[in-house]
Amino acid sequence: MMCGHLEKQGYKNPTTVQARAIPPLLQGKDVLVESATGSGKTLSYLIPVFEALARKEPRIGREDGTLALILCPTRELCLQVLDVATIISRRFTWIVPGSIHGGENRAKEKARLRKGVNVLICTPGRLYDHLTKTSAFDVRGVSWVVLDEADRLLDLGFKKQISS
C-alpha cells in the first residue's frame, strides 16, 4: 500500500532496523527496538501504524479521535516525528497526524484534539495535561502506543506520566 509512495519520497530500500521491526509490528506484535540515531527507527513504527489505520473498515476519520499515541521525550523530537508522519499521511489523506508538546499554545492544541487527530505525537507531560483537563480528548480507541526513545523518557522523569 505504501511502498510506491515511500519510493517517491526518496526511500528506496528498507534499512536493517526497518526490515527487522516492520514485519512483526504489522502482525500486531510488541517490539523493542534498539538502534543508532539515523538508522530509520521512526519509519519502523510509523509505517505499521499508518498501514494498520489505513486498512480499518469503515475508513477512519477525524471523528474517530486518537488511535495511535507516540510519546517522545522532547518537543524537538515530536516535531521531527511529525514531519515524517506528515510525509506518510500524504498517501493516506484521511488519517490525520498532529502533535502536542510544551512550548505550544494549549488552547490551540485543545482545538486540534477536539477536531480530531488520529496519530498523536506528544510529550508525556503535555499528554497527561490534556488527558486530565481536556474533556473532548478521546483516547478510548487507541490501539497503538509507541515510546520513542523510551530510555530517555524514563531518564527525564516521565515514569509517572507514562504510567498514568
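Structure: above.
Residues numbered from 1 in each chain as written. Predicted model: local features only at pLDDT ≥ 70, side-chain atom pairs only at ≥ 80, totals over all residues. Heavy atoms only, no water.

I would appreciate a short explanation of the overall build of the protein chain in the present structure.
Secondary structure assignment for the protein chain yields eight helices and four strands. Along the protein chain, helices and strands appear, N-terminal first, in the series α-α-α-β-α-β-α-β-α-β-α-α. Over its C-alpha trace the protein chain gives a radius of gyration of 15 Å, about what one expects of a compact globule, namely 15 Å for 164 residues. Projecting the C-alpha coordinates of the protein chain onto the three principal axes gives extents of approximately 40 × 40 × 25 Å. Per-residue burial over the protein chain gives 44% buried out of 164 residues. Accessible surface, the protein chain as shown: approximately 9,200 Å² in total, 50% of it carbon and sulfur. When the 24 positive and 17 negative side-chain charges of the protein chain are each reduced to one mean point, those points stand 4 Å apart. (Helix = DSSP H or I, 4+ residues; strand = E, 2+ residues; numbered from the N terminus. Rg over C-alpha atoms; globule rule 2.2 N^0.38 Å. Buried < 20%, exposed > 50% of the residue type's maximum accessible area, 1.4 Å probe, protein only. Areas by Shrake-Rupley, 256 points an atom, 1.4 Å probe, with all protein chains shown as cover. Lys, Arg positive; Asp, Glu negative; His and termini not counted. Charge placed at Lys NZ, Arg CZ, Asp CG, Glu CD.)

Just checking my understanding: could you explain the packing of aromatic side chains for this structure?
Geometrically, a pair of aromatic rings is defined through the distance of the ring centres and the angle of the planes. Across all of its chains, the model carries two aromatic pairs by this definition. Relative to W94, the ring of F92 has its centre 5.7 Å away and its plane inclined at 90 degrees; by these criteria the two rings are edge-to-face. Of the two residues, F92 and W94, neither departs from the other in class, the shared state being buried. Among the aromatic residues, those joined into a cluster by ring pairs are F50, F92 and W94. Directly above the aromatic system of W94 lies the positively charged group of R59, at a separation of 3.5 Å from the ring centroid. (Phe/Tyr/Trp six-rings, centres within 6.5 Å; stacked < 30°, edge-to-face > 60°. Lys NZ or Arg CZ within 6 Å of the ring centre and 35° of its normal.)

Whenever I open this one, the environment of D138 confuses me. Can you help?
Structurally, D138 is set in the loop between α6 (124-133) and β4 (144-147). In this structure D138 comes out as partly exposed when scored by relative accessible area, which is 26%. A sequence separation of 72 residues divides D138 from T66, and the C-alpha atoms of the two residues are 6.4 Å apart. Residues contacting D138, with those up to four places away along its chain left out, are G65 and T66. For D138, the side chain forms a polar contact with the side chain of R140, separated by 2.9 Å. (Contact = heavy atoms within 4.5 Å. Polar contact = N/O pair within 3.5 Å; in protein donor to acceptor, adjacent residues only side chain to side chain.)

I keep staring at helix α5 (residues 106-115) and nothing clicks. Help me out?
Note: α-helices contain 3.6 residues per turn, so residues at a spacing of three or four share the same orientation. N-capping of α5 is provided by N105, with a side-chain oxygen placed 2.8 Å from the backbone N of A107. The positive-phi residue at the C-terminal boundary of α5 is G116, with phi of around 120 degrees.

I would appreciate a short explanation of the state of the cysteines in the present structure.
Every disulfide links exactly two cysteines, by a covalent bond between their sulfur atoms. By the definition in use, this model includes zero disulfides. Distance from the sulfur of C78, which forms no disulfide, to the nearest cysteine sulfur (C72) is 4.3 Å. We classify C78 as buried; its relative accessible area is 0%. Cysteine C122 shares no disulfide, and the gap to the nearest cysteine sulfur, in C78, comes to 6.3 Å. C122 sits in the buried class, given a relative accessible area of 0%. (Disulfide = S-S within 2.5 Å.)

Could you clarify how one ought to interpret the environment of K110 in this entry?
Note that K110 resides in helix α5. Residue classification places K110 among the partly exposed positions, given a relative accessible area of 28%. Considering only alpha carbons, one finds K110 and L69, 41 residues apart in sequence, at a separation of 16 Å. Leave out the neighbours within four places in its chain, and K110 touches H130 and T134.

Can you walk me through the pattern of salt bridges in this structure?
If charged atoms from side chains of opposite charge come close, those side chains can pair. Summed over all chains, the structure comprises eight salt bridges. Among the ionic pairs, R55 bridges to E51, the shortest N-O distance being 2.9 Å. For D129, the salt bridge identified is with R106, shortest N-O distance 2.5 Å. Highlighted residues: D129 in helix α6 and R106 in helix α5, separated in sequence by 23 residues. You can call D129 buried: its relative accessible area is 15%. Residue classification places R106 among the partly exposed residues on the basis of a relative accessible area of 26%. What emerges from the salt-bridge pattern is a single network uniting R106, D129 and K133. (Salt bridge = Lys/Arg side-chain N within 4 Å of Asp/Glu carboxyl O.)

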